[in-house]
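Architecture and fold: a report
Chain residues, written in single-letter form:
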Amino acid sequence: MSRARSHLRAAFFLTAVSPRGATSWIAARRELSARPAPQEPGMEYQDAVRTLNTLQTNASYLEQVKRQRGDPQKQLEAMELYLARSGLQVEDLDRLNIIHITGTKGKGSTCAFTERILRNYGLKTGFFSSPHLVQVRERIRINGQPISPELFTKHFWRLYHRLEETEDSNSCVSMPAYFRFLTLMAFHVFLQEKVDLAVVEVGIGGAYDCTNIVRKPVVCGVASLGIDHTSLLGDTVEKIAWQKGGIFKRGVPAFTVLQPDGPLAVLRERAEQTSCPLYLCPPLEALEEGGPPLTLGLEGEHQRSNAALALQLAHCWLQQKDHRGVGEVKATRPSLLRQLPLAPVFQPTPHMRRGLRDTEWPGRTQVLRRGPLTWYLDGAHTSSSVQACVRWFRQALHRCKEPGSGTEVRVLLFNSTGDRDAAALLKLLQPCQFDYAVFCPNLTEVSSTDNADQQNFTVTLDQVLLRCLEHQQHWSRLDEEQACPEPGGPTSLLLAPRPAHSHSTSSLVFSCISQALQWISQGRDPVFQPHSPPRGLFTHPVAGSGANVLREAAAIHVLVTGSLHLVGGVLKLLEPSLSQ
């Protein structure tokens, strides 16, 4: 450990700091339901978030899930007990019209498209998603907007005290883990706010996910599937599909996008076992026939698949609302009929078109143009999503390129967490031909004590810094492999020549996002204007020479990707209004 840390400091200067039974619960529910929200001194929003952060037992919780994943029913039973202690029963959730969406890539974007479409019909919508980018209240939305700090604080303390007062002395876990708590809180908010429908994004899992306590969703969706969270979901996409298909419910219509044959067959099997009618979404082109092209508020070709799924989910709910059923299936691709019946092909309404066009989902294929700097933000963290990110980034570069516009510099800002294969993700990013690769933890500042929304108690500062060093070492090896291809290799696959940069002159590690952005922007971003950097921060030769290049460049293109938490930290600094 100490040797690696010494290596890290030698590579670059770092500024860091040390781091009762169910019956009694039901009875308590009746008593507590009439109580007003607690109004104790000091119970402000930041205090609520700091208390919420004490429930960050994600690592130990996931280990427990991995041990018990053969019996997902235990997970749901535990969630039912927490629900009862919070003052609700599963039957109460049946009153909510919930659209349940899972997947490994694009499920958040699909949720955002779906919610925006249905809000255009004048419906009052709820939206539960994960993770948050800047403030935790982003996870629970009413009519597309994060709930206010006041509403978050009120519901948080009401739920927290209910769980405290109904604690079972025989239980070793009195409080649910972080994500479970927020899931419970979202249900309470949606019921109290009397939403017409709620779009709920499934967490990491499927069958054992705590959102799967919902037993009567109005419709389910499965976005693109790929390899992710292998230690939890399984090491093949078929195993992952089996877990994700665990949200299917008897008689509840479900839709999925085009998947590889293996996962598609698994989803079909899951649907047959639960008597769930499952349909394959036709491509967006099929819904555009006979009308003008659809305009999407989210960039990237891969968003068309998410939009196609969102249209089917919204269309299905609207038909149910009007008591018309799912509608007839029109099979336009006989070769796919053996896999799944094709979902209806219909003409998108003006409300649907405006919904797709007006969808906003920060941190996903988002572009911020600020003077000479253009920031490209996309929280891609799986192989398939990084490939889509690379396609989007290169297309965006091509669109904005102006002949004879001067020197252009490309910068990668990257971090990854969890059990993801960072080396594989970085290799996929190589074709973007970055001039500099910058690595930093998902910390806006070295110390996050003043910003509860950004606190993470599941890892230490040493752990995240060492992971950044590993990312830098992976990048070094990839650079060497690219600079010295194997003799006789396929020259057609070589990248177009660009100015050579060895590892020692092209990659840097910073101890927080703020320091990384200070170096990248060199004071040229009109909004991000921090105080002077810590003394000696940029004295490393690479930082010094790179600073000159960045100050003189006519255009600086920065891709921020790898972790949604990294993207969130960057957005917090580049868009201060999001913290208001």
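Values in this document were obtained by computation on a predicted structure and should not be read as measured data.

Cut-offs and rules
Residues numbered from 1 in each chain as written. Predicted model: local features only at pLDDT ≥ 70, side-chain atom pairs only at ≥ 80, totals over all residues. Heavy atoms only, no water. Axes fitted to C-alpha atoms, helices over the stretch in contact; angles between N-to-C directions. Helix = DSSP H or I, 4+ residues; strand = E, 2+ residues; numbered from the N terminus. Left-handed = near helix turned anticlockwise from the far one by under 90°. Contact = heavy atoms within 4.5 Å. Nonpolar A, V, L, I, M, F, W, Y, C, P; charged D, E, K, R; others polar. Expected span 1.5 Å × (residues − 1). Buried < 20%, exposed > 50% of the residue type's maximum accessible area, 1.4 Å probe, protein only. Parallel < 35°, antiparallel > 145°, perpendicular 65-115°, else oblique. Polar contact = N/O pair within 3.5 Å; in protein donor to acceptor, adjacent residues only side chain to side chain. UniProt positions renumbered as here; feature names shortened; annotations may be inferred. Pairing = 2+ DSSP bridges. Salt bridge = Lys/Arg side-chain N within 4 Å of Asp/Glu carboxyl O.

The subject of this paragraph is the packing of helix α21 (residues 513-521) against helix α23 (residues 564-574). Close contact between α21 and α23 brings their axes to 10 Å; oriented N to C, the two are set at 65°. In this structure, α21 meets α23 at a crossing whose hand is right-handed. Of the residues in α23, those touching α21 at I513, S514 and L517 are L566, G569, V570, L573 and L574. Grouping the amino acids of the contact of α21 with α23 by side-chain chemistry returns 6 nonpolar, 2 polar and no charged.

Right, let's talk about helix α9 (residues 178-193) for a bit. With 16 residues, α9 ought to run about 22 Å at 1.5 Å a step, and its terminal C-alpha atoms sit 22 Å apart, in line with that. With 14 of 16 residues buried, α9 lies mostly within the body of the structure. Where α9 ends, the next residue or the one after it, K194, has phi of about 55°, a positive value.

What follows is about the environment of A186. Residue position: A186 is located in helix α9. Sequence spacing of A186 and F152 is 34 residues, and the spatial spacing of their C-alpha atoms is 9.8 Å.

Between helix α7 (residues 107-119) and helix α16 (residues 350-358), the shortest axis-to-axis distance is 8 Å and the interhelical angle comes to 135°. With respect to their mutual orientation, α7 and α16 come out oblique. Both α7 and α16 take part in a crossing whose hand is right-handed. Where α7 approaches α16, its residues F113, R116 and I117 are matched on the opposing element by H351, M352, G355, L356 and D358. Each residue belonging to the contact of α7 with α16 can be placed in one class, and the counts come to 4 nonpolar, 2 polar and 2 charged.

This part takes up the side chain of S511. Within the secondary structure, S511 is located in the loop between β13 (507-509) and α21. Here the side chain of S511 touches Q515 through a polar contact of 2.9 Å, side chain to side chain.

So, on to the UniProt feature "binding site: ATP" (unreviewed entry) in the protein. The UniProt feature table records "binding site: ATP" (unreviewed entry) at R364 and D378. Position of R364 among the secondary structure elements: in the loop between α16 and β9 (366-370). Structurally, the position occupied by D378 is in strand β10 (residues 373-378). Excluding its chain neighbours within four sequence positions, the residues that come into contact with D378 are G363, R364, T365, C389, W392, V560, T561, G562 and V567.

Across the two faces of strand β2 (residues 125-128) the burial is the same, with T125 and F127 and G126 and F128 all buried. By the bridge criterion, 4 bridges tie β2 to strand β5 (residues 197-201) in an arrangement that is parallel. In the sheet register, G126 faces β5, and the bridge partner there is A198. Alignment of β2 against strand β3 (residues 140-142), held across 3 bridges, turns out to be antiparallel. Bridging across to β3, G126 finds its partner in I142.

This part takes up the pattern of salt bridges. This model, assessed by the stated rule, comprises 14 salt bridges. Residue E285 is joined to R304 by a salt bridge in which the shortest nitrogen-to-oxygen separation is 3.5 Å. Of this pair, E285 sits in helix α13 (residues 284-288) while R304 sits in helix α14 (residues 303-321), and the two are 19 residues apart along the sequence. Linking R370 and D525 is a salt bridge whose minimum nitrogen-to-oxygen distance equals 3.3 Å. A residue pair is termed long-range when its members are at least 10 positions apart, and R370 in strand β9 and D525 in the loop between α21 and α22 (541-552) qualify at 155 residues. For the pair formed by R370 and D525, the shared burial category is buried. Salt bridges linked by common partners bring E285, E288, E301 and R304 together as one network.

Turning our eyes to something else, we now look at the sheet that holds β9. Read across the sheet, 6 strands follow the order β9-β10-β14-β11-β12-β13 without closing on themselves; strand pairing throughout is mixed. In this open sheet, the two strands that pair with only one neighbour each are β9 and β13. Going from strand to strand, the sheet's axes swing by 15° on average, the running direction of each strand aside. Bridge count for strand β11 (residues 408-414) against strand β14 (residues 555-561) is 7 bridges, and the pairing is parallel. Residue R410 lies in a different strand from β14, and its bridge partner there is H557. With respect to the sheet, α21 is in contact with β10, β11, β12 (436-439), β13 and β14, its orientation differing from that of β10 by roughly 145°.

On to the pairing of strand β6 (residues 219-222), then. With burial as the criterion, each face of β6 is covered, one bearing V219 and G221 and the other bearing C220 and V222. As paired strands, strand β1 (residues 98-102) and β6 are joined by 4 bridges and run parallel to one another. If you follow T102 over to β6, its bridge partner there is V222. Both β6 and strand β7 (residues 254-256) contribute to a ladder of 3 bridges, which runs parallel. Following the sheet pairing, V222 is matched in β7 by T256.

As annotated in UniProt, the feature "binding site: Mg(2+)" (unreviewed entry) corresponds to S130, E201 and H229 in the numbering used here. By the secondary structure assignment, E201 is in strand β5. Ignoring sequence-local partners within four residues, the contact set of E201 consists of I101, K107, G108, C111, F128, S129, S130 and T211.

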